[in-house]
Amino acid sequence: PGFARFIFVSRISQKKNLSYFLKRLRSVKHGGIHLDIVGAVDDPEYWNECLSVIQSLPSNVTTTFHGAVSNDEVLVKMSKAQFFVLPTLNENFGYVFVEAMAAGCPLLISDRTVWNEVEKRSAGWTIPLENSAEWEKCIENIVSIDKTAFLEMSNRARLFAMAWLANPEIQNATAK
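An account of the accompanying structure is given in this report. (Residues numbered from 1 in each chain as written. Predicted model: local features only at pLDDT ≥ 70, side-chain atom pairs only at ≥ 80, totals over all residues. Heavy atoms only, no water.)

### Quick look at unusual backbone geometry
Thinking step 1. At Asn17, a residue that is not glycine, the phi angle is positive and equals roughly 70°.
Thinking step 2. By secondary structure assignment, the location of Asn17 is in the loop between strand S1 (3-9) and helix H1 (18-25).
Thinking step 3. Since its relative accessible area comes to 11%, Asn17 is described here as buried. (Helix = DSSP H or I, 4+ residues; strand = E, 2+ residues; numbered from the N terminus. Buried < 20%, exposed > 50% of the residue type's maximum accessible area, 1.4 Å probe, protein only.)

Okay, here's the thing in structure tokens:
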């Protein structure tokens, strides 16, 4: 408890909404947070907006920008993180969610994805973007999670990913 390591893996664009999460991090006053940002900059103007927010973060919040990396490197970085974050404006599917959970990273995502079962399965949180206070409260709670609770949630994320991957209906649907 007292520290959380998040990872954001996606293109740097308005749709993926990184600046939204960065702005929520400004409210974190207790504990420490590190955010690894992985992805290609699709929109340099938007990235500059994100950099401006990063510069305004409190000293207990740090970030590292990795840019675009290979798939293998992404998985290594995910395995070193604790929580996956993607406050996307809209996502039809996204294998990155499955990859994050398979790496043991519970999800903190917007409710604008198809992954709304993560809360029911205790594998993360889906929070409406309209509720920034709930995002901030969730981040504060994540920072205070003890090791036992984190390991249980991490295991549930892995189990959810494994069950999803083993589902023959999913295999048939994605093969088309």
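### Describing the packing of aromatic side chains
Thinking step 1. On inspection of all chains with the given rule, the structure shows 14 aromatic pairs.
Thinking step 2. Between Tyr95 and Trp164, the aromatic rings sit 6.4 Å apart at their centres with planes inclined by 80°, giving edge-to-face as the arrangement. Residue Tyr95 is located in helix H4 (residues 95-102), and its partner Trp164 is located in helix H6 (residues 147-166); the two are separated by 69 residues in the primary sequence.
Thinking step 3. The class for Tyr95 is partly exposed, based on a relative accessible area of 43%.
Thinking step 4. Here Trp164 falls in the buried class, since its relative accessible area comes to 14%. (Phe/Tyr/Trp six-rings, centres within 6.5 Å; stacked < 30°, edge-to-face > 60°.)

### Brief notes about the pattern of salt bridges
Thinking step 1. Scanning the entire structure with this criterion turns up eight salt bridges.
Thinking step 2. Where Glu136 meets Arg24, a salt bridge forms, and the shortest distance between an N and an O atom there is 3.1 Å. Residue Glu136 is located in helix H5 (residues 132-144), and its partner Arg24 is located in helix H1; the two are separated by 112 residues in the primary sequence.
Thinking step 3. Its salt-bridge partner being Glu130, residue Arg112 comes within 2.3 Å of it at the nearest N-O pair. Residue Arg112 is located in the loop between strand S5 (107-110) and strand S6 (124-127), and its partner Glu130 is located in the loop between S6 and H5; the two are separated by 18 residues in the primary sequence.
Thinking step 4. Take Glu130: its relative accessible area is 61%, and that puts it in the exposed class. (Salt bridge = Lys/Arg side-chain N within 4 Å of Asp/Glu carboxyl O.)

### Some points on H4
Thinking step 1. Taken residue by residue, H4 has Val96, Phe97, Val98, Ala100 and Met101 as its buried positions.
Thinking step 2. Phi for Gly104, located one or two positions after H4, is positive at around 90°.

### Topic: the packing of H1 against helix H2 (residues 44-55)
Thinking step 1. Running from N to C, H1 and H2 point in directions that differ by 5°, and their axes come no closer than 9 Å. If you check the angle between H1 and H2, you find them roughly parallel. Two secondary-structure elements touch here, H1 through Leu18, Ser19, Tyr20, Leu22 and Lys23 and H2 through Tyr46, Trp47, Glu49, Cys50, Val53 and Ile54.
Thinking step 2. For the contact of H1 with H2, the residue count by class is eight nonpolar, one polar and two charged. (Axes fitted to C-alpha atoms, helices over the stretch in contact; angles between N-to-C directions. Parallel < 35°, antiparallel > 145°, perpendicular 65-115°, else oblique. Contact = heavy atoms within 4.5 Å. Nonpolar A, V, L, I, M, F, W, Y, C, P; charged D, E, K, R; others polar.)

### Thoughts on the packing of H1 against H5
Thinking step 1. It is the contact of H1 with H5, at a shortest axis distance of 9 Å, that shows an interaxial angle of 65°. The chirality of how H1 crosses H5 is right-handed. In this structure, H1 contributes Tyr20, Phe21, Arg24 and Leu25 to the contact, and H5 contributes Ser132, Trp135, Glu136 and Ile139.
Thinking step 2. Here the residues of the contact of H1 with H5 are counted per class, giving five nonpolar, one polar and two charged. (Left-handed = near helix turned anticlockwise from the far one by under 90°.)

### Remarks on the nonpolar core
Thinking step 1. Phe6, Leu18, Leu25, Leu35, Phe84 and Leu108 are the most contacted members of the largest nonpolar core, which has 56 residues in total.
Thinking step 2. Looking at this core element by element, the count peaks at six residues for H6.
Thinking step 3. Those residues in contact with Leu18 that sit more than four places away from it in its chain are Phe8, Ile12, Leu35, Ile37, Tyr46, Trp47 and Cys50. (Core = buried A, V, L, I, M, F, W, Y, C linked by side-chain atoms within 4.5 Å.)

### As for the environment of Ile139
Thinking step 1. One can find Ile139 in helix H5.
Thinking step 2. The exposure class of Ile139 is buried, given its relative accessible area of 0%.
Thinking step 3. Measuring from C-alpha to C-alpha, the distance between Ile139 and Leu108 comes to 8.8 Å, with 31 residues separating the pair along the chain.
Thinking step 4. Those residues within four positions of Ile139 in sequence are excluded, and the remaining contacts are Phe21, Arg24, Leu25, Val28, Ile33 and Leu108.

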